[in-house]
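Okay, here's what each chain looks like letter by letter:
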Amino acid sequence: MNHNKQQSSDLGHDDDAALSDFLASLMDYTPTIPDELVEHFLAKSGFQSPDLRLTRLVAVATQKFIAEVASDALQQCKARQATVVRDKRDKQQKDKRLVLTMEDLSRALHEHGVNVKHQEYFADSPSIGMDPASRDE
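Procedures and definitions
- Residues numbered from 1 in each chain as written.
- Predicted model: local features only at pLDDT ≥ 70, side-chain atom pairs only at ≥ 80, totals over all residues.
- Heavy atoms only, no water.
- UniProt positions renumbered as here; feature names shortened; annotations may be inferred.
- Buried < 20%, exposed > 50% of the residue type's maximum accessible area, 1.4 Å probe, protein only.
- Helix = DSSP H or I, 4+ residues; strand = E, 2+ residues; numbered from the N terminus.
- Salt bridge = Lys/Arg side-chain N within 4 Å of Asp/Glu carboxyl O.

Under an unreviewed UniProt entry, the name given to the chain is Transcription initiation factor TFIID subunit 10, and the source organism is Castanea mollissima. If you open the UniProt record of the chain and go to Function (unreviewed entry), you find "TAFs are components of the transcription factor IID (TFIID) complex that is essential for mediating regulation of RNA polymerase transcription." Listed under Sequence similarities (unreviewed entry) in UniProt, the entry text for the chain is "Belongs to the TAF10 family."

Novice: Describe helix H5 (residues 102-111), with residues and values.
Specialist: Within H5, the full set of buried residues consists of Asp104, Ser106, Ala108 and Leu109. In the segment just after H5, glycine 113 is the residue with positive phi, at about 85°.

Novice: Account for the pattern of salt bridges, naming residues and giving values.
Specialist: Overall, the coordinates contain 5 salt bridges when judged by the stated rule. Residue aspartate 35 is joined to arginine 56 by a salt bridge in which the shortest nitrogen-to-oxygen separation is 3.1 Å. Pair noted here: aspartate 35 is in helix H2 (residues 35-44) and arginine 56 is in helix H3 (residues 52-87), with a separation of 21 residues, a long-range link. Residue aspartate 35 shares its accessibility class with arginine 56, and that shared class is buried.

The following block contains the structure:
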């Protein structure tokens, strides 16, 4: 029984050491999201800490979340455009651009527990708002 306690405390020590190493490595890492921006939103939500490592940890977590949402939105966009290609094969074969719509982004965010409602005036068609000459390209 004493052996099990020692083994679990060794695992806890390993986890603590790994966490300490990770937090120390954050000091050398420059996240995509600037520290000032993260500090602004943390302060706006009522959180303040003088420890830069915590700010960077939030920045890294935010960066990962944004990357996952963007990747999921891209998959939604590809799936949506694949169904359009089946319906309008000839015309869509020429146009290989991927156009991210609010619907794609909303679906990706919904998968991550964020519900987004947008106003009806948003353009959900890729050709809305484009110059009429460039619509046919």
